[in-house]
Amino acid sequence: MEYLKITGETKLDGVVEISGAKNAALPLIASTILAKNEISICNMPDVVDINTLLKLIAKLGGSYEKCDDCIKINTSKLDKTTATYDIVKTMRASILVLGPILSRFGHCEVSLPGGCAIGQRPVDLHLKALEAMGAEIIINHGYIEASAPNGLKGAKIVFDKVTVGGTENTVMAAALADGITTIINAAKEPEVVQLCEVIKNAGVLIEGIGTSTLIIHGTNRKLLDFKDFHVIPDRIEAGTYMCAAAISNSKLKIDKVIPQHLEAIIAKLEEMNFEVIQDKTSVTIMPTDEIKPVNIVTTEYPGFPTDMQAQFMALATQANGTSTIDERLFENRFMHVSELLRLGADIHLNGNIATINGTQNELNGTDVMATDLRASSALVLSALVAHGDTSIHRIYHLDRGYEDLEGKLSKIGAKVARYKE
Ligand code: EPZ
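Because the structure is predicted, anything quoted here is derived from the model rather than measured. (Residues numbered from 1 in each chain as written. Predicted model: local features only at pLDDT ≥ 70, side-chain atom pairs only at ≥ 80, totals over all residues. Heavy atoms only, no water.)

> Is there a simple way to explain the sheet that holds strand S13 (residues 213–217) in this structure?
In a beta sheet, neighbouring strands are held together by backbone hydrogen bonds and run either parallel or antiparallel to one another. One open sheet holds the four strands; their spatial order is S10-S11-S13-S12, and the pairing between them is mixed. Edge strands, defined here as strands with exactly one partner in the open sheet, are strand S10 (156–158) and strand S12 (205–207). If you compare each strand with its neighbour and ignore which way they point, the axes differ by 15 degrees on average. As judged from the five bridges shared by strand S11 (residues 180–184) and S13, these two strands associate in the antiparallel manner. Looking across to S13, one finds that Thr182 is bridged to Ile215. Strands S10, S11, S12 and S13 of the sheet are contacted by helix H6 (residues 164–175), whose axis makes an angle of about 25 degrees with S13. (Pairing = 2+ DSSP bridges. Helix = DSSP H or I, 4+ residues; strand = E, 2+ residues; numbered from the N terminus. Axes fitted to C-alpha atoms, helices over the stretch in contact; angles between N-to-C directions. Contact = heavy atoms within 4.5 Å.)

Encoded structure:
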């Protein structure tokens, strides 16, 4: 395994370029299962999760070819319908192949993804939606076995909870269904919006894109004619670098973003007394003379994103006063707290509410352990401002969702290097 060593008390400077969004690219790669033609997808992030899903597409009989930040994908020869445990256990978003495979082939077997560090992460809402569309689903030896031999039928689906993956799976299943599917209480994340737009451009009439009610007019198993496209920028990677600038009190330009996707993050940084200058495709964070405390409640888009919760907790350790974070989406998304405490932070947990007392305890570098993707990015941010060196172990978590992290950080002035244990 590898670890990152970061020397603290460093200022950042210059421009960081944001990559394509992992959480947009994953469902978009899965959606190519619905295509009759080869597609070129550009601005694709080079991160482990993307490579894992591409391997799954290849295992199913599809093919892909990388060229710079573009990937040509062809699923016309796809002839297998089983997503095995060995792949799904390493990347739970593999569940996103369930809807498209079932809709195209009439049956699909996907290993249950199981939980992860941040929570149990059930997929019951995905399965309930597919059953409403006529699928027969049984759980057999840890596998979801879904069948709809005569194809899926359009249906009215009301999600009890807003689910990003559940909405994406259902949209992809509905695209080839016979008839109209209405999804009520759909997720509105930018990644869901891009998936709908790409499928619409491929020939499926979809109404209500960007709203919580989606109406999908299925093609009755006629494969789609995809147009080439670029993945939208990663708003969570962008938010993470915004927090890197804030925590080190540096001026930093974050380029190749869509500022509108960052509104909730910008609002919280402004509440903490940072000035954020917006341009058409960039945001610039300015240093402040006092970091003010903040109160955060995580919620679905366009509210404050749960994927930025850990990063803001690290930032709140530097605020002049007491901040609170209420994590409402996942039941166990405070794994970073114990590691932040080891760095000297003053944080108290009461259920899903964290109270962070800033400034009293300066952070001091030490060895810490990454537990999940966003928790590990919070440790990187803390290491930038801690006294001395911090070694972050198990950084395979980071590699899942941040492209060339140490390269991008070094380019803007951080002292960071990767070592083998
Ligand atoms: C997506 O996960 C993201 N992953 C997550 O980002 C993100 O945190 C999450 O959405 C919320 O925004 C990808 O897009 C690949 P959900 P997803 O279904 O789709 C419950 C990262 O760091 N739920 O919207 O799995 C669930 O337990 C990752 O990049 C059910 O109860 O999230 C959670 O409490 C982490 N039953 C809530 O809904 C279901 O069938 C939201 O989950 C599905 C979900």
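> I would appreciate a short explanation of the pairing of strand S17 (residues 282–286) in the present structure.
For a regular strand, side chains alternate in direction, first toward one face of the sheet and then toward the other. Within S17, five of the five residues are buried, which leaves the element mostly enclosed by the surrounding structure. The side-chain alternation of S17 yields two buried faces, one formed by Ser282, Thr284 and Met286 and the other by Val283 and Ile285. As defined by bridge partners, strand S15 (residues 252–255) adjoins S17 across four bridges and the pair is classed as antiparallel. What sits directly across from Leu252, in S17, is Ile285. In this structure, strand S16 (residues 275–278) lies alongside S17, joined through four bridges in antiparallel fashion. Bridge pairing links Val276 to Ile285 in S17. In this antiparallel pair of consecutive strands, S16 and S17, the connection spans three residues. (Buried < 20%, exposed > 50% of the residue type's maximum accessible area, 1.4 Å probe, protein only.)

> Would you mind going over the sheet that holds S17 with me for this structure?
Spatially, four strands are ordered S2-S15-S17-S16 in an open sheet, and the strand pairing comes out mixed. In this open sheet, the two strands that pair with only one neighbour each are strand S2 (15–17) and S16. On average, adjacent strands in this sheet sit at an angle of 20 degrees to one another, irrespective of strand direction. Packed on one face of the sheet, helix H8 (residues 235–247) meets S2, S15 and S17 and runs near 175 degrees to S15.

> Help me understand the site of the ligand, please; the structure alone is not making it clear to me.
As a matter of local geometry, the ligand sits amid 22 residues, with Asp124, Leu125, Thr163, Asp307 and Leu329 nearest to it. Within the backbone of Pro122, an N or O atom sits 3.3 Å from an oxygen atom of the ligand. One nitrogen or oxygen atom from the side chain of Arg333 is found 3.4 Å from an oxygen atom belonging to the ligand. In isolation the ligand has 830 Å² of accessible area, and contact with the protein removes 88% of it. Listing elements by their share of the shell around the ligand, those giving two or more residues are helix H1 (22–31), helix H5 (124–132), H6 and helix H12 (373–385). For the shell around the ligand, a count of residues per class yields ten nonpolar, five polar and seven charged. (Near = heavy atom within 4 Å. Polar contact = N/O pair within 3.5 Å; in protein donor to acceptor, adjacent residues only side chain to side chain. Areas by Shrake-Rupley, 256 points an atom, 1.4 Å probe, with all protein chains shown as cover. Nonpolar A, V, L, I, M, F, W, Y, C, P; charged D, E, K, R; others polar.)

> Got a minute to help me understand the state of the cysteines in this structure?
Working definition of a disulfide: a covalent bond connecting the sulfur atoms of two cysteines. The final tally for this structure, using the stated rule, is one disulfide. One disulfide bridge connects Cys42 with Cys70, the sulfur atoms lying 1.9 Å from each other. A torsion of 105 degrees about the S-S bond marks the disulfide between Cys42 and Cys70 as right-handed. Placement of Cys42 in strand S3 (residues 39–42) and of Cys70 in strand S5 (residues 70–74) is noted, with a sequence separation of 28 residues between them. Of the two residues examined, Cys42 and Cys70, each falls in the buried class. No disulfide involves Cys67; its sulfur sits 6.3 Å from that of Cys70, the nearest cysteine. (Disulfide = S-S within 2.5 Å.)

> Mind showing me how you'd approach the side chain of Glu339 here?
Tracing the chain through its elements places Glu339 in helix H11 (residues 335–342). Classification of Glu339 as buried rests on a relative accessible area of 11%. Apart from residues lying up to four places away in sequence, Glu339 is in contact with Val368, Met369 and Leu379.

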